[in-house]
Amino acid sequence: MPVYSEKVMEHFQNPRNVGEIEDADGVGELGNPTCGDIMKIYIKVKDDKIDDVKFKTFGCGAAIATSSMVTELVKGKTLEDAERVSNAAVAEALDGLPPVKMHCSNLAADALHLAIEDYRARKEGKGPIGKVETPEHDEDGHDLSEHA
């Protein structure tokens, strides 16, 4: 069983910003069919800043903790600053994740980026972008199916 930092355990046991925003300006939904984690992040934008952000996650403790941390990292930030939140920044903010769970930080950051993309698409009249399934390999070619 992976060893988690105190911060990961805190965000898993007491997640921040759980729920959904009914009239969200942008929604990012991401699922990994291999591990079964599904994340949905809702954003409300005001004056080009993330005024509110909430999430719903079905997944392991690391998936819940990374979703919680992403919401904490971007609340009140400009869209541009929020787009710069990387999977490494999420993992670092949680004092690290076991290597086998690093994909969770990818899902959380990517779901946020999709919510911002969705917001922009709606603003341009292109409508919502929908759900995305993550690939079975990360950008470095590592097999994402090798985790518990």
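Description of the structure in this document. All chains use their own residue numbering, which begins from 1 and follows the written sequence. Restriction of local features to residues with pLDDT of at least 70 applies here, the model being predicted, together with a cutoff of 80 or more for giving and counting side-chain atom pairs; totals for whole chains, interfaces and linings are based on all residues. Calculation of side-chain values draws on the structure's entire complement of heavy atoms; hydrogens and water are dropped beforehand.

## Observations concerning the environment of Val 8
- Helix and strand definitions follow DSSP, with helices as H or I runs of at least four residues and strands as E runs of at least two, each counted in order from the N terminus. Tracing the chain through its elements places Val 8 in helix 1 (residues 6-13).
- Note on Val 8: relative accessible area 1%, which makes it buried. Relative accessible area decides the class of each residue, using a 1.4 Å probe on protein chains only: under 20% of the type maximum gives buried, over 50% gives exposed, and in between gives partly exposed.

## Focus: helix 2 (residues 61-74)
- Its 14 residues give helix 2 an end-to-end C-alpha distance of 20 Å, which sits within 8% of 20 Å, the value for a rise of 1.5 Å per residue.
- With eleven of 14 residues buried, helix 2 is to be regarded as a mostly interior element.
- All of the buried residues in helix 2 are Ala 62, Ala 63, Ile 64, Ala 65, Thr 66, Ser 67, Ser 68, Met 69, Val 70, Thr 71 and Val 74.
- Downstream of helix 2 by a residue or two, Gly 76 has a phi angle that is positive, lying close to 85 degrees. Helix span, expected: 1.5 Å multiplied by one less than the number of residues in the helix.

## Topic: the nonpolar core
- Throughout, nonpolar core names a set of buried Ala, Val, Leu, Ile, Met, Phe, Trp, Tyr and Cys residues whose side chains join them through atoms within 4.5 Å. Membership of the largest hydrophobic core comes to 33 residues, with the highest contact counts inside it found for Ile 41, Ile 43, Ile 50, Val 74, Val 90 and Leu 112.
- Those elements that provide at least two residues to this core are strand 2 (38-46), strand 3 (49-58), helix 2, helix 3 (79-83), helix 4 (87-93) and helix 5 (102-123).
- Top element by residues in this core is helix 5. It accounts for nine residues.
- The contact rule is simple, with two residues in contact once any of their heavy atoms fall within 4.5 Å. Among all residues touching Leu 112, those that are not within four sequence positions of it are Ile 41, Ile 43, Ile 50, Val 70, Val 74, Ala 82 and Val 85.

## A few points about the packing of helix 1 against helix 2
- Every axis corresponds to a line fitted to the C-alpha atoms, with the helix fit spanning only the stretch in contact, and the corresponding angles, defined between N-to-C directions, vary from 0 to 180 degrees. Packing of helix 1 against helix 2 leaves a shortest axis separation of 8 Å and a crossing angle of 90 degrees. Classed by the angle they form, the pair helix 1 and helix 2 counts as roughly perpendicular. Contact residues: helix 1 offers Lys 7, Val 8, His 11 and Phe 12, while helix 2 offers Gly 61, Ile 64, Ala 65, Ser 68, Met 69 and Glu 72.
- Three residue categories are used. Nonpolar comprises Ala, Val, Leu, Ile, Met, Phe, Trp, Tyr, Cys and Pro, charged comprises Asp, Glu, Lys and Arg, and polar comprises the others, including Gly. Taken together, the residues of the contact of helix 1 with helix 2 sort by class into five nonpolar, three polar and two charged. Angular relationships are summarised with four words: roughly parallel below 35 degrees, roughly antiparallel beyond 145, roughly perpendicular across 65 to 115, and oblique for the angles in between.

## Side note on the pattern of salt bridges
- Here a salt bridge means any side-chain nitrogen of Lys or Arg lying within 4 Å of a carboxyl oxygen belonging to Asp or Glu. On inspection of all chains with the given rule, the structure shows eleven salt bridges.
- One salt bridge in this structure joins Lys 75 and Asp 52, with 3.7 Å as the shortest N-O distance. Here the residue Lys 75 occupies a position in the loop between helix 2 and helix 3, and Asp 52 occupies one in strand 3, the gap between them amounting to 23 residues.
- For Lys 75, a relative accessible area of 38% gives the class partly exposed.
- Linking Arg 120 and Glu 83 is a salt bridge whose minimum nitrogen-to-oxygen distance equals 2.5 Å. One end of the pair, Arg 120, is in helix 5; the other, Glu 83, is in helix 3, with 37 residues separating them in the sequence.
- Judged by its relative accessible area of 26%, Arg 120 is partly exposed.
- Glu 83 gets classed as partly exposed once you look at its relative accessible area, which sits at 35%.
- Within this structure, Asp 23, Asp 25 and Lys 44 form a network of salt bridges that share partners.

Note that every value here comes from positions in space, so none of it alone points to a role or purpose.
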